[in-house]
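Structural overview for review
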Amino acid sequence: MRPLLVLLVRGQRIDRRVLYLLLAATVALPMVIRLPVPPVAITPQSRQFFRTVEQFADDPARRHKLVILCTNYGSGTSAENQTQTEAVLHHLMRKRLKFALFAFSTPQGRELGKASAEKLASRYGYEYGRDYVHFGFRPPDSVEPLLKAAVRDIPGNFGNDINGTPLAEIPVMQGIRTVNDIGMIVEVASSNTLQLWIAFFQRVGEEPIPTLYCPTNVMAPEAFPLLASGQLSGMLAGLNGATEYEQLLNEPGFGSGVSAPLSYSQLLIVLLIALGNAGMFAQRRLARLREEE
């Protein structure tokens, strides 16, 4: 018993360099060797997100409406947000839905959204102008009045696309005039930009617009009250949410690729925490044994 207790106590004094090396190996090894990983558990909010898009696409009365995909993030969160964006684009293009890209948090979001759409367009036979459009970037301070005015005239207030072409002249925008011609809003964000859609656009038309949210993991908890109230129709929470969506689509991407390293690194952390706690209890037990002697 005593040798085991001594060994557990020593486990509390593992050199931090060894811990970092263990973590690096745990992350790197699954990228080199295919290791078994259990299927991702689909959370209710990710499944709801998927069903909302499916129901919209299957509704002949609504599927002709425009989907707004807002890419409000930069390169700092692209591992999460770009993965979410591409998973959503797979679904929209697979269902042959027309959509408009838009960004107002950072100019990087404009370019990242554009790059993702161009990357997938050829695979699905999507053509810019015919099947999708890009509204470009607007400074954050101008978005509130823009959305308020766009309720009555979308092409007139958004003006030109990313290339400077008037929206009224772009084929995919034909028939898209007011908020009632918007079928769905998807907000991919690294900051609190969702409230602008909810406050000034979502519920001002003839019927509420289904709104879907793709935040980073640290932002996701703030959105659960909006899910419970029905203001959100689904959410992909960070990289985990994107991975779940890839699984629902049977379309493995970056999220699925890093699932194994993330899973094994989290398992390592849990084991190290357990080892540390076991060492603490062992230390107490050894102290009692010494007192008894």
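Here's a quick rundown of the structure. (Residues numbered from 1 in each chain as written. Predicted model: local features only at pLDDT ≥ 70, side-chain atom pairs only at ≥ 80, totals over all residues. Heavy atoms only, no water.)

On to the overall build of the chain. Counting its secondary structure elements, the chain contains 12 helices and five strands. The C-alpha radius of gyration of the chain comes to 24 Å, more than 25% above the 19 Å expected for a compact globule of 293 residues. Dimensions of the chain, computed from the C-alpha atoms along their principal axes, are close to 90 × 35 × 35 Å. In the chain, which comprises 293 residues, the proportion classed as buried is 46%. When the accessible surface of the chain is totalled, it reaches about 14600 Å², and 57% of it is carbon and sulfur. Distance from the positive charge centre (29 side chains) to the negative charge centre (26 side chains) of the chain: 8 Å. (Helix = DSSP H or I, 4+ residues; strand = E, 2+ residues; numbered from the N terminus. Rg over C-alpha atoms; globule rule 2.2 N^0.38 Å. Buried < 20%, exposed > 50% of the residue type's maximum accessible area, 1.4 Å probe, protein only. Areas by Shrake-Rupley, 256 points an atom, 1.4 Å probe, with all protein chains shown as cover. Lys, Arg positive; Asp, Glu negative; His and termini not counted. Charge placed at Lys NZ, Arg CZ, Asp CG, Glu CD.)

Under the defined criterion, the tally for this structure stands at 12 aromatic pairs. Taken together, a centroid distance of 6.3 Å and an interplanar angle of 65° make the contact between F102 and F135 edge-to-face. Of this pair, F102 sits in strand β2 (residues 99–103) while F135 sits in strand β3 (residues 132–137), and the two are 33 residues apart along the sequence. Classification of F135 as buried rests on a relative accessible area of 1%. (Phe/Tyr/Trp six-rings, centres within 6.5 Å; stacked < 30°, edge-to-face > 60°.)

On to helix α4 (residues 78–94). For α4, which comprises 17 residues, the first-to-last C-alpha distance of 23 Å matches the rise-based estimate of 24 Å (1.5 Å per residue) to within 8%. Counting buried positions along α4 gives 14 out of 17 residues, so the element sits mostly inside the fold. Directly after α4, the chain includes R96, whose backbone phi takes a positive value near 60°. (Expected span 1.5 Å × (residues − 1).)

Core analysis: the largest hydrophobic core is formed by 31 residues, its most contacted members being F49, V53, V88, L92, F99, V186 and Y245. If you list the elements that add at least two residues to this core, you get α3 (44–58), β1 (66–72), α4, β2, α5 (107–124), β4 (182–189), β5 (211–215) and α10 (238–249). When neighbours within four sequence positions are excluded, F49 is seen to be in contact with V88, V186, L212, Y213, C214, S233, G234, M235, L236 and Y245. Counting residues in hydrophobic clusters, the runner-up holds 27 residues, among them V151, F158, I170 and V172. (Core = buried A, V, L, I, M, F, W, Y, C linked by side-chain atoms within 4.5 Å. Contact = heavy atoms within 4.5 Å.)

Once that is clear, we can look at the pattern of salt bridges. Within the structure shown, the criterion is met by 11 salt bridges. Here K95 makes a salt bridge to E54, at a shortest N to O gap of 3.4 Å. With a gap of 41 residues between them, K95 in the loop between α4 and β2 and E54 in helix α3 connect regions that are remote in the sequence. Overall, the relative accessible area of 23% leaves K95 in the partly exposed class. Where D131 meets R130, a salt bridge forms, and the shortest distance between an N and an O atom there is 2.7 Å. Owing to a relative accessible area of 12%, D131 belongs among the buried residues under this scheme. You can call R130 partly exposed: its relative accessible area is 42%. (Salt bridge = Lys/Arg side-chain N within 4 Å of Asp/Glu carboxyl O.)

Put simply, side chains in a regular strand alternate between the two faces of the sheet. In terms of burial, β4 is a largely internal element, eight of the eight residues being buried. Pairing analysis gives seven bridges linking β1 to β4, with the strands arranged parallel. Residue pairing in the sheet places V67 in a bridge with M184 of β4. As defined by bridge partners, β4 adjoins β5 across five bridges and the pair is classed as parallel. Bridge pairing in β5 places V188 opposite C214. Note on the crossover from β4 through helix α8 (residues 194–200) to β5: the handedness is right-handed. (Pairing = 2+ DSSP bridges. Right-handed = clockwise from strand over helix to strand, strands pointing away.)

On to the environment of P261. Mapped onto the elements, P261 comes out in helix α12 (residues 259–292). By relative accessible area, P261 is classed as buried at 4%. Counting along the chain gives 238 residues from P261 to L23, while the straight-line C-alpha distance between them is 9.8 Å.

Let us now look at the packing of α3 against α4. For the pair α3 and α4, interaxial distance at closest approach is 10 Å and the crossing angle is 25°. Taken together, the axes of α3 and α4 are roughly parallel relative to one another. Along this stretch, α3 crosses α4, giving a crossing that reads as right-handed. In contact with F49, F50, V53 and E54 of α3, α4 contributes V88, H91 and L92. Classifying every residue of the contact of α3 with α4 by side-chain character gives five nonpolar, one polar and one charged. (Axes fitted to C-alpha atoms, helices over the stretch in contact; angles between N-to-C directions. Parallel < 35°, antiparallel > 145°, perpendicular 65-115°, else oblique. Left-handed = near helix turned anticlockwise from the far one by under 90°. Nonpolar A, V, L, I, M, F, W, Y, C, P; charged D, E, K, R; others polar.)

Turning our eyes to something else, we now look at the sheet that holds β4. Within a beta sheet, neighbouring strands are joined by backbone hydrogen bonds and run either parallel or antiparallel to one another. Read across the open sheet, the five strands follow the order β3-β2-β1-β4-β5; overall the sheet is parallel. Edge strands, defined here as strands with exactly one partner in the open sheet, are β3 and β5. Averaged over neighbouring strand pairs, the angle between their axes works out to 15° when direction is ignored. Pairing analysis gives four bridges linking β1 to β2, with the strands arranged parallel.

This brings us to the environment of Q108. Of note, Q108 is situated in helix α5. For Q108, a relative accessible area of 39% corresponds to the partly exposed category. Separated by 29 residues in sequence, Q108 and F137 have C-alpha atoms that sit 9.0 Å apart. What Q108 contacts, discounting residues up to four positions off in sequence, is Y73, G74 and S75.

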